[in-house]
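Examination of the molecular architecture
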Amino acid sequence: MEIIYKPKKGSLIITLMFTTAFMITGCFFVLNPEYFASSYFVRSFGIFGQPISIQIIGVLSVVISGLMFIGTSKLFFDKYILLINEKGFINKTNFINFGLIPWKDVVDIRMTKKKRNSMIYVYLKNKRKYYKRNKNPIDKLNIFAYDKVYGTAIVIETAHLTVSEDELLEIFEKHAKL
């Protein structure tokens, strides 16, 4: 039996709109920093109110929001963002995809509930084996950040899923036999 979860298109569209707005704002910062540096409010920031600082902030804004736009648009056009079957699962809910993760390698599953975005953390026997699958340096940086913050890089973000987090946790626990 194969369970396929598709993304919530509405939340992805909102994310795409915000990333586009940040990219446009960053472009304005890069192209016309003197305009923003001349305001009284920005001058009170000290060194961050200088035109070069505003340009750097603009470049960072364009790069980061551009990467988020690319990742979110990838999720938007995928056929599924979470696939569960008897062998294991494939998680595409965040920007890191490790491919099929077998149930026999899962040692623990935990969940944190927040107002808008609950997350399910999947802990594995040999997580380094899966971390080595990704060769992209941006993915490696993302893996490092997730591992340091959550203790694992296999994090299922439920905000973009069309299923409740409690139902999903129950399915995971049943398949992993925990």
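Scroll up to find the structure this text is about.
An account of the accompanying structure is given in this report. (Residues numbered from 1 in each chain as written. Predicted model: local features only at pLDDT ≥ 70, side-chain atom pairs only at ≥ 80, totals over all residues. Heavy atoms only, no water.)

Focus on the sheet that holds strand β6 (residues 119–124)
Pairing is antiparallel in the open sheet, where three strands are placed in the order β5-β6-β7. Of all strands in the sheet, those with a lone pairing partner are β5 (106–112) and β7 (155–157), marking the two edges. Ignoring which end each strand starts from, the neighbouring axes of this sheet average 20 degrees apart. Strand direction decides the pairing type here: β5 and β6, joined by six bridges, are antiparallel. Directly across from methionine 111, in β6, lies its bridge partner isoleucine 120. Contacts between helix α7 (residues 165–176) and the sheet are confined to β5, β6 and β7, with β5 contributing the most and set at about 170 degrees to the helix. (Pairing = 2+ DSSP bridges. Helix = DSSP H or I, 4+ residues; strand = E, 2+ residues; numbered from the N terminus. Axes fitted to C-alpha atoms, helices over the stretch in contact; angles between N-to-C directions. Contact = heavy atoms within 4.5 Å.)

Things to note about the pattern of salt bridges
Overall, the coordinates contain six salt bridges when judged by the stated rule. Between lysine 92 and aspartate 78 there is a salt bridge, with the nearest N and O atoms lying 4.0 Å from each other. Of the two residues, lysine 92 sits in the loop between β3 (88–91) and β4 (101–102) while aspartate 78 sits in the loop between α4 (51–77) and β2 (82–84), which places them 14 residues apart along the sequence. The class of aspartate 78 is partly exposed, set by a relative accessible area of 24%. (Salt bridge = Lys/Arg side-chain N within 4 Å of Asp/Glu carboxyl O. Buried < 20%, exposed > 50% of the residue type's maximum accessible area, 1.4 Å probe, protein only.)

Quick notes on helix α1 (residues 9–31)
End to end, α1 covers 33 Å across 23 residues, agreeing with the expected 33 Å (1.5 Å per residue, within 8%). By the burial criterion, the buried members of α1 are Leu12, Leu16, Thr19 and Gly26. Lining the buried residues of α1 we find α4. (Expected span 1.5 Å × (residues − 1).)

Quick look at α7
With 12 residues, α7 should cover 16 Å at 1.5 Å per step; its first-to-last C-alpha distance of 16 Å lies within 8% of that length. Along α7, the positions that sit buried rather than exposed are Leu168, Leu169, Ile171, Phe172, His175 and Ala176. Projected onto a plane normal to the axis of α7, the buried residues spread over an arc of 160 degrees and lie on a single side. Exposed residues on α7 whose side chains face more than 90 degrees from its buried face are Glu170 and Lys174. Just beyond α7, the residue with positive phi is lysine 177, at close to 60 degrees. (Arc of directions from axis to C-beta.)

Observations regarding the sheet that holds β3
Ordered by their spatial adjacency, four strands build an open sheet running β1-β2-β3-β4, and the pairing between neighbours is antiparallel. Of all the strands in the sheet, the pair left with one neighbour each is β1 (3–5) and β4. Across three bridges, the pairing between β1 and β2 is antiparallel. Pairing of isoleucine 3 across the sheet is with isoleucine 84, part of β2. Packed on one face of the sheet, α7 meets β1, β2 and β3 and runs near 40 degrees to β2.

Remember that the coordinates give geometry; whether it matters functionally is a separate question.
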